4 protein chains.
Amino acid sequence: MILSGPMESQAPVAPRLQVKLPIEIRFAETDAMGVVHHSNYIIWFEAARIAWLEAAGSSYAAIARDGNHFAVTALHVDYRRTCRFGESIYVAVALTLLRSRQLAFDYEVRRRDDDALLASARSEHVCVDLEGRVARIPETVLERLQQVGLRS
Amino acid sequence: MILSGPMESQAPVAPRLQVKLPIEIRFAETDAMGVVHHSNYIIWFEAARIAWLEAAGSSYAAIARDGNHFAVTALHVDYRRTCRFGESIYVAVALTLLRSRQLAFDYEVRRRDDDALLASARSEHVCVDLEGRVARIPETVLERLQQVGLRS
Amino acid sequence: MILSGPMESQAPVAPRLQVKLPIEIRFAETDAMGVVHHSNYIIWFEAARIAWLEAAGSSYAAIARDGNHFAVTALHVDYRRTCRFGESIYVAVALTLLRSRQLAFDYEVRRRDDDALLASARSEHVCVDLEGRVARIPETVLERLQQVGLRS
Amino acid sequence: MILSGPMESQAPVAPRLQVKLPIEIRFAETDAMGVVHHSNYIIWFEAARIAWLEAAGSSYAAIARDGNHFAVTALHVDYRRTCRFGESIYVAVALTLLRSRQLAFDYEVRRRDDDALLASARSEHVCVDLEGRVARIPETVLERLQQVGLRS
């Protein structure tokens, strides 16, 4: 499946709904530097945007069952501070762009006790069908996301 | 440990040594979309830059044993086409920036049979010591990387 | 480090404290069969025994900070039913053996809505120090585990 | 899908074809104990049996494309010695049981330089179709495996 292509030209949506997903750091997520391996943040971001969709009233499991996926087309991560097993952290996530076939999310990973910023990130997605072709976001999902994702 | 900070101002190094690491896609790396989950590319990039360092005569295992790590400070990935279990792919990697405390690598994931580009990426790193403090890249390593990483 | 050796001959401890850890299935944990890849259960088991230790008043992060780890020496898993992204599950865990240097945990993975058994498992562990040598479980930890792990 | 059920009663097949798969330990596979996290062995075992099937002339990618999977029903692992990033290891794998709907593989993880045994394991599998129902192993695959898996 071909994922790339020029981003559509509408203005980005101002975020409204923000979800904070607490993360229990798993020992398996650490590496021999003694800190969480950077690849695990990518999986946390996915968990966070799925929690966001759930909070927005659009279960990703239901979207997938209905034959669509939000394939990742780009990922940008800035790692500021490492974190360790035993630390309490969360991922804050918000929808920052919404088009008929595309969306993007912004993320921040923060420590729970002092809110220190550990990482910030952005992921871009295109809606695809089961054959991997670019598809329109299902109408009911799009409307739902526009409602909660547009600043009131 | 604090990883961020302004990048130093020297000009980037033109790449010379390029390494192509064949990847055997693991079934465990696929997801319910039927394709490789995007988080695994991050692990392939790491394997590729470690292969590059090995090819450059600087074993990362030795660097780590001597008390240094190249912590990831930023990651940028563009996913163009998905790939599936059973496909033959490789990661091409080159050093694209080298400073006394920082380096960066560029990556391309390509199919082996038709060289189709699946993803391109860049990772930025800072050298840290065992306590996670920013440190100079060990002199012998730096010299080695300058030799093979500078265009002749 | 050498992990093996004959198990010590004391009778196994009857379990008392049981902990049920809810698991949010991550999309990254699925595979191209459409179900959760079997390797992820191993990571859930670890998360469950760490939650058990926490509930027992013995933080694994503190044990590790004090210089000990419970290295896995054996693993036995029976997979009964697969599970999918979107399903609600939990891991029930209990301590089933406790010696001066060894412990073992039993696990069951169950669906939340009908309690259907998805998998059962057992992990065996030996206490090691930072050099990986077999070591006695720290006295305060051992006492704590004996109290909550012995049937009243 | 329901994976369990009594094993069929035929005698196990004596192994003939043995495959040794070299493993490049990935830094991402290490944990904060400084060694490879035990969950990664499970993924190496899968890579090893897929390499075995390939060597036996039965590509797992082709089996999957034709609509079958070898779901894991049981896993037994004995961890003897830990291993670290930078060490050279391999997994030796052989088919040890073959029935019309079931198979099992044995594994050994060994260091390359001194052949020291790091772990031994066994995995049991049932053939399933795309709906996850237990199915006969495709006839051509079964014949192929009987030929290479039976002691000459």
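Shown above is the structure to which this text applies.
Worth saying up front: this structure is predicted, and the values here are computed from it rather than measured.

**Q** Explain the relation of the copies chain A and chain B here, please?
**A** Each of the two chain copies can be brought onto the other by rotation about an axis and movement along it. Mapping chain A onto chain B calls for a rotation angle of 180 degrees and an axial translation of 0.0 Å; the resulting RMSD is 0.0 Å. In symmetry terms, the pair is related by a two-fold rotation axis. Taking C-alpha positions as the reference, the residue of chain A nearest the rotation axis is His76 of chain A, at 2.3 Å. Comparing interface residues between copies, 100% of those in chain A also sit at the interface in chain B, which points to an isologous, same-surface contact.

**Q** I tried to follow the relation of the copies chain D and chain B on my own but got confused; where do I start?
**A** With an axial shift of 0.0 Å and an RMSD of 0.0 Å, the rotation relating chain D to chain B amounts to 180 degrees. By residue overlap, the copies meet face to face through one surface: 100% of the interface positions of chain D are interface positions in chain B.

**Q** Would you mind going over the environment of Ala92 of chain A with me for this structure?
**A** Residue and element names in this part refer to chain A. Residue position: Ala92 is located in strand β3 (residues 88–98). The exposure class assigned to Ala92 is buried, which follows from its relative accessible area of 6%. In the structure, Ala92 is positioned 74 residues away from Gln18 in sequence and 6.7 Å away in space, judged by C-alpha atoms.

**Q** Looking at this structure, I do not really get the pairing of strand β5 (residues 117–129) of chain C. What am I missing?
**A** All names here are of chain C. The buried fraction of β5 amounts to twelve of the 13 residues, a majority that puts the element mostly inside the structure. Sheet topology note: the strand β2 (residues 68–79)/β5 ladder contains eleven bridges and is antiparallel. Bridge pairing in β5 links His76 to Arg122. Examined bridge by bridge, strand β4 (residues 102–111) and β5 share nine bridges and lie antiparallel to one another. Across the sheet, Asp106 pairs through a bridge with Arg122, a residue of β5. Counting the residues that bridge the hairpin from β4 to β5 gives five residues, and of these Asp115 lies at a positive phi of roughly 60 degrees.

**Q** Would you take a moment to explain the interface of chain A and chain B for this structure?
**A** By a frequent convention, interface size equals the accessible area lost on bringing the separate parts together. Contacts between chain A and chain B engage 28 residues on the former and 28 residues on the latter. In total, chain A and chain B occlude about 2,500 Å² of area from one another, counting both sides; carbon and sulfur atoms represent 61% of this. Scanning the region where chain A abuts chain B turns up seven residue pairs in polar contact (both at pLDDT 80 or more). Put simply, the parts of the chain that give the side of chain A that touches chain B at least two residues each are α1 (39–55) and β2 (68–79) of chain A. Of the residues belonging to the side of chain A that touches chain B, the class tally is 15 nonpolar, eight polar and five charged. By the bridge criterion, five bridges tie β2 of chain A to strand β2 (residues 68–79) of chain B in an arrangement that is antiparallel. Looking across to β2 of chain B, one finds that Leu75 of chain A is bridged to Val77 of chain B.

**Q** What exactly am I supposed to notice about the side chain of Arg26 of chain C here?
**A** Mapping Arg26 of chain C onto the fold places it in the loop between β1 (18–24) and α1 (39–55). For Arg26 of chain C, the residues in contact, after removing those within four places along its chain, are Arg26, Glu29, Ile43 and Trp44 of chain A together with Phe85 of chain C.

**Q** Before we go on, may I ask you to explain the packing of aromatic side chains in this structure?
**A** The relative placement of two aromatic rings is captured by the distance of their centres and the angle of their planes. The final tally for this structure, using the stated rule, is 36 aromatic pairs over all chains. Ring geometry for Phe27 of chain A and Tyr60 of chain C: centres 5.9 Å apart, planes at 80 degrees, overall edge-to-face. Separated into two different chains, Phe27 of chain A in the loop between β1 (18–24) and α1 and Tyr60 of chain C in helix α2 (residues 60–65) make up a pair that spans both. Residue classification places Phe27 of chain A among the buried positions, given a relative accessible area of 4%. An angle of 70 degrees between the planes, with centres 6.2 Å apart, marks the rings of Phe85 of chain A and Tyr60 of chain C as edge-to-face.

**Q** Is there a simple way to think about helix α3 (residues 139–149) of chain D in this case?
**A** Residues and elements named next belong to chain D. Inspection of α3 places Val141, Leu142, Leu145, Val148 and Gly149 among the buried residues, and these make up the whole buried set. The buried side chains of α3 occupy one side of the element, clustering within an arc of 145 degrees when seen end-on. Away from the buried face of α3 by more than 90 degrees, exposed residues Thr140 and Gln147 are located. Along its buried surface, α3 packs onto α1 (39–55), α2 (60–65), β2 (68–79), β3 (88–98) and β4 (102–111).

**Q** Where do I start with the side chain of His69 of chain D in this structure?
**A** Inspection of the secondary structure puts His69 of chain D in strand β2. Given a relative accessible area of 6%, His69 of chain D falls into the buried group. Of the polar contacts made by the side chain of His69 of chain D, one reaches the side chain of Tyr60 of chain D; its length is 2.8 Å. Excluding its chain neighbours within four sequence positions, the residues that come into contact with His69 of chain D are Phe27 of chain B, Met33 of chain C together with Tyr60, Ala64, Val126, Cys127 and Val128 of chain D.

**Q** Hey, could you run me through empty space enclosed by the protein in this one?
**A** Empty space among the atoms becomes apparent when a probe as large as a water molecule is rolled across them. What the rule picks out here adds up to five cavities of 30 Å³ or more. If you go around the largest cavity, you meet 30 residues; those closest to its centre are Ile43 of chain A, Ile43 of chain B, Ile43 of chain C together with Asn40 and Ile43 of chain D. Taken together, the elements giving at least two residues each to the lining of the largest cavity come down to α1 of chain A, α1 (39–55) of chain B, α1 of chain C together with α1 of chain D. Of the residues assigned to the lining of the largest cavity, the class counts are eight nonpolar, 14 polar and eight charged.

**Q** Is there a simple way to think about the interface of chain D and chain B in this case?
**A** Listed per partner, the contact involves 13 residues of chain D and 13 residues of chain B. Between chain D and chain B, roughly 1,300 Å² of surface is buried when both sides are summed, and carbon and sulfur atoms account for 70% of that area. Its largest share of buried area at the contact with chain B, chain D owes to Arg26, Phe27 and Phe85 of chain D, together 45% of the area lost on that side. Linking chain D with chain B are two salt bridges, by the criterion used here.

Criteria and thresholds
- Residues numbered from 1 in each chain as written.
- Chains lettered and ligands numbered in written order.
- Predicted model: local features only at pLDDT ≥ 70, side-chain atom pairs only at ≥ 80, totals over all residues.
- Heavy atoms only, no water.
- Least-squares fit on C-alpha atoms with pLDDT ≥ 70 in both.
- Contact = heavy atoms within 4.5 Å.
- Helix = DSSP H or I, 4+ residues; strand = E, 2+ residues; numbered from the N terminus.
- Buried < 20%, exposed > 50% of the residue type's maximum accessible area, 1.4 Å probe, protein only.
- Pairing = 2+ DSSP bridges.
- Buried area = accessible area lost by both parts, 1.4 Å probe.
- Polar contact = N/O pair within 3.5 Å; in protein donor to acceptor, adjacent residues only side chain to side chain.
- Nonpolar A, V, L, I, M, F, W, Y, C, P; charged D, E, K, R; others polar.
- Phe/Tyr/Trp six-rings, centres within 6.5 Å; stacked < 30°, edge-to-face > 60°.
- Arc of directions from axis to C-beta.
- 1 Å grid on protein atoms, 1.4 Å probe; cavity = no way out; pocket = protein on both sides within 12 Å on 5 of 7 lines; lining within 4 Å.
- Points joined across faces, edges and corners; volume = space filled by probe spheres on them.
- Salt bridge = Lys/Arg side-chain N within 4 Å of Asp/Glu carboxyl O.

Geometric values such as these leave the question of function open.
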